[in-house]
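# Structural overview
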Amino acid sequence: MTKHRTQTDSQDRGRFSARRKAEAVVRLLRGEDLDTLSRELGVTAATLSSWRDGFLDGGTAALEGRPADDRDQLIARLQAEGGQLTMDRQPLGMRCRHLEGGRPFASGRRST
């Protein structure tokens, strides 16, 4: 006896959207059996486990973050200024090395 595929069966298999993956992971987290769910969805247990691990890692990362505040803007501005100062200093250093003629600690006076 051959099982006929219904429209619902064909929709359950194939590519999974982020929403469908999240729904599968939530079902796992609520206690559904991994093997049963993998057979139902037509994916391997390893794939479901991978989705679960990624889902939990993403949730953990979201909880670790803090909302942006005025300090973040200040830090970004100071980093930009520090970068600009570094860029401004480089030509001055090259000019000094050129004027010194490769001699470290060269003074501006010549000895006679």
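Quick caveat: nothing in here was measured; it's all calculated off a predicted structure.

A few words now on the overall build of the protein. The number of helices and strands found in the protein is five helices and zero strands. Across the 112 residues in the protein, those meeting the buried criterion constitute 10%. When contacts within the protein are restricted to residue pairs at least 6 apart in sequence, those whose partners lie at least 24 apart make up 42%.

The subject of this paragraph is the environment of A46. Positionally, A46 belongs in helix α4 (residues 45-64). On the basis of relative accessible area, A46 is assigned to the exposed category, the value being 56%. Sequence separation between A46 and L34 is twelve residues; the distance between their C-alpha atoms is 9.4 Å.

Below, the discussion takes up the packing of helix α2 (residues 18-29) against helix α3 (residues 34-41). Where α2 contacts α3, the axes come no closer than 10 Å and their chain directions differ by 155 degrees. Judged by the inter-axis angle, α2 sits roughly antiparallel to α3. Here α2 and α3 pass one another in a crossing that is right-handed. Packed against α2, whose contacting residues are A24, R27 and L28, the element α3 presents L34, L37, E40 and L41 at the interface. Class assignment for the residues of the contact of α2 with α3 results in five nonpolar, no polar and two charged.

With that settled, consider the packing of aromatic side chains. Geometry of an aromatic ring pair is reported as the spacing of the ring centres plus the angle between the planes. Tallied over the full model, the rule gives one aromatic pair. With a centroid separation of 5.1 Å and 55 degrees between ring planes, the pair formed by F16 and W51 is classed as tilted. Within this pair, whereas F16 is found in the loop between α1 (7-12) and α2, its partner W51 is found in helix α4, the two being separated by 35 residues in sequence. For F16, a relative accessible area of 13% gives the class buried. Using a relative accessible area of 16% as the deciding quantity, one classes W51 as buried.

The rules we used
- Residues numbered from 1 in each chain as written.
- Predicted model: local features only at pLDDT ≥ 70, side-chain atom pairs only at ≥ 80, totals over all residues.
- Heavy atoms only, no water.
- Helix = DSSP H or I, 4+ residues; strand = E, 2+ residues; numbered from the N terminus.
- Buried < 20%, exposed > 50% of the residue type's maximum accessible area, 1.4 Å probe, protein only.
- Contact = heavy atoms within 4.5 Å.
- Axes fitted to C-alpha atoms, helices over the stretch in contact; angles between N-to-C directions.
- Parallel < 35°, antiparallel > 145°, perpendicular 65-115°, else oblique.
- Left-handed = near helix turned anticlockwise from the far one by under 90°.
- Nonpolar A, V, L, I, M, F, W, Y, C, P; charged D, E, K, R; others polar.
- Phe/Tyr/Trp six-rings, centres within 6.5 Å; stacked < 30°, edge-to-face > 60°.

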